[in-house]
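So the chains spell out like this:
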Amino acid sequence: MAFDGMSCRLGRGISFGNALDAPREGDAGFRLHERYFAEVRDAGFDTVRLPVRWSAHAGGSSPYTISPALFERVDWAIGEALRRDLNIVLNVHHYDELNDAPRGQRPRFLGLWRQIAARYAGWPGRLYFELLNEPRGAMTAGAWNELIPLALAVIRERDPGRAVIVGPARMNDIGALPELELPDDDRLVVTVHYYAPLEFTHQGAPWRAGADQWLGTTWGDDADRRAVSDDLARAASWAAARGRPLFIGEFGCYERAGLAAREQWTRFVRLEAERLGLSWCYWEFGTDFGAFDPARNSWREPLRDALTGDGNPLAG
Ligand code: GLC
């Protein structure tokens, strides 16, 4: 399988965000198409990440049956990735009710994973599971540390060899890594999300209160770059000390920062991650952080180059 203990081969990735993680596919103005998998492969990526809002398509009481239509759509997407030799990371995204009520929603969360693990047991090792996107709110480090081994046990009962990705509380923040307790399992990959400084990457983002006041924030002087290098190095050494591969599962810059500035930040983060031997996954393909423009059916070339071009850190 695509995993060999210390290192993981996720390499360079991109998330198909705002598709199956919208309440319904299309609600966020974006739908998956077969040709997007080809675009990703041809641009030189190794991995796609598929965020899925299972909680909007599953029963509210035991056995929390997941809708067959959603499963069929996910089967299709996984198949499109696998037949192009892309890795695919399947997660649980936007399960807001779980973050609000970790204990109350626990049986349902485990019920979702029971079904997902049973369905994909025996599928190729290029398929990775990611337990939960950005635990937050009442899903504190303590609550999350309680839940991780339970979810892993549900998966392991059905799919013992699957690579499973898990990140820290506080929205997978690097600063929360020291509180993350990892079960003894040699198929775990650690993930963190990187959007620092938020005032730059999320300027004008409508879902961040006050983000309009950040419009015009620039990035790129020596201190800015040093901060990124230090953050990523801290995360890399935390993972290395525990013998775990580290995956920067999301990083990216919202469209309002402007293309040139986004290119500069994206290139620097990507090259720093690669210098440290980390795999990564850009957020995201085709909407408001999009490296690809579905309306023009083409890549935003500066972002495509920042992600998979020959990197010159000094040019970035
Ligand atoms: C997280 C959120 C997603 C958001 C992204 C950038 O993945 O789930 O909705 O667009 O971060 O803020």
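First things first, this report covers the structure right here in the doc. (Residues numbered from 1 in each chain as written. Predicted model: local features only at pLDDT ≥ 70, side-chain atom pairs only at ≥ 80, totals over all residues. Heavy atoms only, no water.)

Brief notes about the site of the ligand
No. 1: Neighbouring the ligand are the residues H93, H94, N133, E134, Y195, H202, W207, E250, W283 and F289.
No. 2: Here an oxygen atom of the ligand and a side-chain polar atom of E250 are 2.7 Å apart.
No. 3: The protein chains hide 88% of the 310 Å² of surface that the ligand would expose on its own.
No. 4: Cavity membership is defined here by more than half of the atoms lying within 2 Å of grid points; on that basis the ligand lies in the largest pocket.
No. 5: Taken together, the residues of the shell around the ligand break down into four nonpolar, four polar and two charged. (Near = heavy atom within 4 Å. Polar contact = N/O pair within 3.5 Å; in protein donor to acceptor, adjacent residues only side chain to side chain. Areas by Shrake-Rupley, 256 points an atom, 1.4 Å probe, with all protein chains shown as cover. 1 Å grid on protein atoms, 1.4 Å probe; cavity = no way out; pocket = protein on both sides within 12 Å on 5 of 7 lines; lining within 4 Å. Sits in = over half its atoms within 2 Å of the grid points. Nonpolar A, V, L, I, M, F, W, Y, C, P; charged D, E, K, R; others polar.)

With respect to the pairing of strand 10 (residues 279-282)
No. 1: Side chains of strand 10 alternate between two faces, with S279 and C281 and W280 and Y282 buried alike.
No. 2: Where strand 3 (residues 12-15) and strand 10 come together, three bridges link them in parallel fashion. Paired with R12 across the two strands is W280, which belongs to strand 10.
No. 3: For the crossover that starts at strand 9 (residues 246-251), traverses helix 9 (residues 259-275) and ends in the parallel strand 10, the hand is right-handed. (Buried < 20%, exposed > 50% of the residue type's maximum accessible area, 1.4 Å probe, protein only. Helix = DSSP H or I, 4+ residues; strand = E, 2+ residues; numbered from the N terminus. Pairing = 2+ DSSP bridges. Right-handed = clockwise from strand over helix to strand, strands pointing away.)

Notes on the layout of surface pockets
No. 1: Counted as a void, the largest pocket has a volume near 680 Å³.
No. 2: Lining the largest pocket are 24 residues, with E134, M171, Y195, H202 and W207 positioned closest to its centre.
No. 3: Of all the secondary structure elements, the ones that give two or more residues to the lining of the largest pocket are helix 6 (169-172) and strand 8 (188-194).
No. 4: Tallied by class, the residues present in the lining of the largest pocket amount to nine nonpolar, seven polar and eight charged. (Points joined across faces, edges and corners; volume = space filled by probe spheres on them.)

Things to note about the packing of helix 4 (residues 106-120) against helix 5 (residues 141-158)
No. 1: Contact geometry of helix 4 with helix 5 gives a least axis separation of 8 Å together with a crossing angle of 30 degrees. For the element pair helix 4 / helix 5, the angle class is roughly parallel. Between helix 4 and helix 5 lies a crossing whose hand is right-handed. Contact residues: R106, F109, L110, W113, R114, A117 and A118 in helix 4; E146, L147, L150, A151, V154, I155 and R158 in helix 5.
No. 2: Taken together, the residues of the contact of helix 4 with helix 5 break down into 10 nonpolar, no polar and four charged. (Axes fitted to C-alpha atoms, helices over the stretch in contact; angles between N-to-C directions. Parallel < 35°, antiparallel > 145°, perpendicular 65-115°, else oblique. Left-handed = near helix turned anticlockwise from the far one by under 90°. Contact = heavy atoms within 4.5 Å.)

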